[in-house]
Amino acid sequence: MATPGMEDYIEQIYLQIEEKGVARVSDVAENLDVLPSSVTKMVQRLDREGYVYYERYKGLELTEKGMTFGKKLVKRHDILEEFLRIIGVDEENIYGDVEGIEHHLSWNAIDRITDLVEALEQDGEFVRKLKNNQIQM
């Protein structure tokens, strides 16, 4: 089972590969605001756990397991951002709020939020009222 810290690294490596075609220790360190030595230590652990192929002085590669999990983590992040956006959370708060909650929700909760977001996106008028705090309880 991946820890929240492991999830952050896998997600970041996945994003780097998607964006640049390669993930480097230095780029992951910069984006997570940690030391390169911390990244090296974590990717060695992720290698042992079967998420990453790690070889010193080379780019980081995700295994099939790592790619699948990385994609799932990015989707979780995106769906939570969209959910907070739909319910009217101020844009400047969304990223920090997602970072604060994403590791504390079960995958079951994420599935239900995904279903809710999909349903809400079908009702533009309700979403507009929700964003503008016009819902009457």
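Predicted model only: the values in this text are computed from it and were never measured.

Looking at the overall build of the protein
- Summing up its helical and strand segments, the protein has seven helices and two strands in all.
- Along the chain direction, N to C, the helices and strands of the protein fall in the order α-α-α-β-β-α-α-α-α.
- Oriented by its inertia axes, the alpha-carbon framework of the protein measures out at about 60 × 25 × 25 Å.
- Burial statistics for the protein: of 137 residues in total, 35% are counted as buried.
- Pairs at least 24 residues apart make up 55% of the contacts formed inside the protein by residues separated by at least 6 positions.
- If you sum the accessible surface of the protein, you get close to 8700 Å²; carbon and sulfur atoms cover 49% of it.
- Separation between the mean location of the 17 positive side-chain charges and that of the 28 negative ones in the protein comes to 5 Å.

Some remarks on unusual backbone geometry
- Phi is positive for Asp-33, close to 55°, though the residue is something other than glycine.
- Positive phi is not limited to glycine here, since Tyr-57 has a value of about 65°.
- Among the secondary structure elements, Tyr-57 is positioned in the loop between strand S1 (52-53) and strand S2 (61-62).

Digging into the nonpolar core
- Residues Ile-13, Val-39, Leu-46, Tyr-51 and Leu-60 are the most contacted members of the largest nonpolar core, which totals 22 residues.
- Broken down by secondary-structure element, the contributors of at least two residues to this core are helix H1 (4-20), helix H2 (25-32), helix H3 (36-48) and helix H4 (64-86).
- With six residues, H1 is the largest single contributor of residues to this core.
- Setting aside residues no more than four positions away along its own chain, Leu-60 makes contact with Ile-13, Ile-17, Ala-23, Arg-24, Val-25, Val-28, Val-43, Tyr-53 and Tyr-54.
- Counting residues in each nonpolar core, the second largest holds 13 residues, with Ile-94, Val-98, Ile-113 and Val-127 among its members.

Some details on H2
- Among the residues of H2, Val-25, Asp-27, Val-28 and Ala-29 are the ones counted as buried.
- If you follow the buried residues of H2, they end up packed against H1 and H3.

Description of the packing of aromatic side chains
- Considering all chains together, one arrives at two aromatic pairs under this definition.
- Between Tyr-51 and Phe-69, the ring centres sit 5.8 Å apart and the planes meet at 35°, which makes this aromatic pair tilted. Of this pair, Tyr-51 sits in the loop between H3 and S1 while Phe-69 sits in helix H4, placing them 18 residues apart in sequence.
- One aromatic cluster is present, formed by Tyr-51, Phe-69 and Trp-107 through successive ring pairs.
- Stacked on the ring of Tyr-51, the Lys or Arg Lys-65 has its end atom at 4.4 Å from the ring centre.
- In this structure, Lys-72 packs its charged tip against the face of Trp-107, placed 4.2 Å from the ring centre.

Overview of the side chain of Glu-102
- By the secondary structure assignment, Glu-102 is in the loop between helix H5 (91-101) and helix H6 (107-121).
- Within the structure, Glu-102 has its side chain in polar contact with the side chain of His-77 (distance 3.2 Å).
- In contact with Glu-102, other than residues within four places in its own chain, are Asp-8, Glu-11, Arg-76, His-77 and Leu-80.

Some thoughts on the environment of Asn-31
- Take Asn-31: it is sitting in helix H2.
- With relative accessibility at 44%, the residue Asn-31 sits in the partly exposed group.
- Distance in space between the C-alpha atoms of Asn-31 and Tyr-53 is 20 Å, their sequence separation being 22 residues.
- The contact partners of Asn-31, leaving out residues within four places of it in the chain, are Gln-12 and Gln-16.

Each value, and the rule that gives it
Residues numbered from 1 in each chain as written. Predicted model: local features only at pLDDT ≥ 70, side-chain atom pairs only at ≥ 80, totals over all residues. Heavy atoms only, no water. Helix = DSSP H or I, 4+ residues; strand = E, 2+ residues; numbered from the N terminus. Buried < 20%, exposed > 50% of the residue type's maximum accessible area, 1.4 Å probe, protein only. Contact = heavy atoms within 4.5 Å. Areas by Shrake-Rupley, 256 points an atom, 1.4 Å probe, with all protein chains shown as cover. Lys, Arg positive; Asp, Glu negative; His and termini not counted. Charge placed at Lys NZ, Arg CZ, Asp CG, Glu CD. Core = buried A, V, L, I, M, F, W, Y, C linked by side-chain atoms within 4.5 Å. Phe/Tyr/Trp six-rings, centres within 6.5 Å; stacked < 30°, edge-to-face > 60°. Lys NZ or Arg CZ within 6 Å of the ring centre and 35° of its normal. Polar contact = N/O pair within 3.5 Å; in protein donor to acceptor, adjacent residues only side chain to side chain.

Purely spatial values, then, with no claim about function.
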